[in-house]
Amino acid sequence: MLIVEDHTILREGLRALLSAGGDVEVVGEAEDGLEAVRATASLQPDVVLLDLSLPRMNGLDAIRDIKRASAKTRVLVLTVHQEEEYVQAALRAGADGYVLKDSTSTELAKAVREVRQGKRVLSRQVSACVIEGGDGGVGDGSVRTMFDTLTQREREVLKLLAEGHKNRQIADLLCISPKTAEKHREKLMRKLGRNDVAGLTAYAIERGLVGR
């Protein structure tokens with residue numbers, strides 16, 4: 001399997017944990033989405049264990065490209081995000097399993113084995129999202145990116161940030177508090193895997209929210 005996680009200490013911990021059982025061989029590691037796609041194309045792993053919040057290419061876009069790079073590879077998401085929008089978007093992008101980072105080591109190891117066997121695996125905390133949403137939207141043939149998970153307000157904040165507005169200006173324009181504007185900016189960075197406003201601006205330009 002291939003482990004994709006941008007924090008080195010977590011990658012090392014996951015490698016040690018999953019290798020300890022004796023039936024999982026970790027063939028590689030990647031610390032961002034682009035590297036994950038390239039490693040998948042090269043290594044053709046049975047399973048990719050992947051976080052959603054990744055630098056350079058977010059997890060949803062990486063899942064889609066991983067599936068294109070290796071049709072046989074199964075993708076297991078390991079994340080802190082348990083909101084319905086994340087679960088549904090990951091399944092639409094092609095994820096075969098979705099496990100939360102507060103799972104036990106036993107639960108994670110079991111999830112890896114079951115995904116490798118062709119089963120769909122969901123943490124019990126998020127399974128209700130799929131039950132309520134039917135098949136999670138995966139049957140309609142559409143593929144959603146992380147941009148599709150942004151709320152209307154988050155898109156408004158992203159556009160204003162890309163246009164050069166500061167938190168207080170955004171707050172005034174949207175009739176919200178500066179603290180709320182700051183929280184929206186922080187959430188956008190986590191969702192889109194961007195580390196600063198420059199990164200958010202580049203993303204907004206790529207998506208056509210503002211001109212180049």
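Just so it is clear, the structure is predicted and the values come from calculations on it, not from any experiment. (Residues numbered from 1 in each chain as written. Predicted model: local features only at pLDDT ≥ 70, side-chain atom pairs only at ≥ 80, totals over all residues. Heavy atoms only, no water.)

### Details of the overall build of the protein chain
Here comes step 1: Across its full length, the protein chain holds ten helices and six strands.
Here comes step 2: By the compact-globule yardstick of 17 Å for 212 residues, the protein chain fits well, its C-alpha radius of gyration being 18 Å.
Here comes step 3: Projected onto the principal axes, the alpha-carbon positions of the protein chain cover approximately 55 × 35 × 30 Å.
Here comes step 4: By residue count, 48% of the 212 residues in the protein chain fall in the buried class.
Here comes step 5: Long-range pairs, those at least 24 residues apart, make up 62% of the contacts in the protein chain between residues at least 6 apart in sequence.
Here comes step 6: Carbon and sulfur atoms make up 49% of the accessible area of the protein chain, which amounts to about 10100 Å² in all.
Here comes step 7: Across the protein chain, the 32 positively charged side chains and the 32 negatively charged ones have centroids separated by 2 Å. (Helix = DSSP H or I, 4+ residues; strand = E, 2+ residues; numbered from the N terminus. Rg over C-alpha atoms; globule rule 2.2 N^0.38 Å. Buried < 20%, exposed > 50% of the residue type's maximum accessible area, 1.4 Å probe, protein only. Contact = heavy atoms within 4.5 Å. Areas by Shrake-Rupley, 256 points an atom, 1.4 Å probe, with all protein chains shown as cover. Lys, Arg positive; Asp, Glu negative; His and termini not counted. Charge placed at Lys NZ, Arg CZ, Asp CG, Glu CD.)

### Some details on the sheet that holds strand β3 (residues 47-50)
Here comes step 1: Pairing within the open sheet is parallel, and its six strands lie in the order β2-β1-β3-β4-β5-β6. Of all the strands in the sheet, just β2 (28-30) and β6 (121-122) have a single pairing partner and so form its edges.
Here comes step 2: Bridge count for strand β1 (residues 2-4) against β2 is three bridges, and the pairing is parallel. Following the sheet pairing, L2 is matched in β2 by G28. (Pairing = 2+ DSSP bridges.)

### Concerning the packing of helix α3 (residues 59-69) against helix α4 (residues 84-93)
Here comes step 1: Interhelical geometry of α3 versus α4 gives an angle of 20° and a closest axis separation of 8 Å. With respect to their mutual orientation, α3 and α4 come out roughly parallel. The crossing of α3 and α4 is right-handed. Between α3 and α4, the contacting residues are L60, I63 and R64 on the first element and A89, A90 and A93 on the second.
Here comes step 2: Of the residues that constitute the contact of α3 with α4, the class distribution is five nonpolar, no polar and one charged. (Axes fitted to C-alpha atoms, helices over the stretch in contact; angles between N-to-C directions. Parallel < 35°, antiparallel > 145°, perpendicular 65-115°, else oblique. Left-handed = near helix turned anticlockwise from the far one by under 90°. Nonpolar A, V, L, I, M, F, W, Y, C, P; charged D, E, K, R; others polar.)

### Some words on unusual backbone geometry
Here comes step 1: Of note in the backbone geometry, Q44 takes a positive phi value of approximately 50° without being a glycine.
Here comes step 2: With respect to the helices and strands, Q44 occurs in the loop between α2 (33-43) and β3.
Here comes step 3: Despite not being glycine, C175 has its phi angle at roughly 60°, a positive value.
Here comes step 4: One can find C175 in the loop between α8 (167-174) and α9 (178-192).
Here comes step 5: For C175, a relative accessible area of 71% corresponds to the exposed category.

### Notes on α4
Here comes step 1: Counting buried positions over the ten residues of α4 gives seven, a clear majority of the element.
Here comes step 2: Buried residues of α4: Y86, V87, Q88, A89, A90, L91 and A93, and no others.

### Describing the side chain of S103
Here comes step 1: Along the polypeptide, S103 turns up in the loop between β5 (97-100) and α5 (105-116).
Here comes step 2: In terms of polar contacts, S103 uses its side chain to reach the backbone carbonyl oxygen of L100, at 2.8 Å. (Polar contact = N/O pair within 3.5 Å; in protein donor to acceptor, adjacent residues only side chain to side chain.)

### Focus on the packing of helix α7 (residues 152-162) against helix α10 (residues 197-206)
Here comes step 1: Two numbers describe how α7 lies on α10: the axes approach to 8 Å, and their chain directions differ by 105°. The orientation of α7 with respect to α10, classified from their angle, is roughly perpendicular. Residue-level inspection shows L158, L161 and A162 of α7 in contact with α10, the latter providing V197, L200, T201, Y203 and A204.
Here comes step 2: For the contact of α7 with α10, the per-class residue count stands at seven nonpolar, one polar and no charged.

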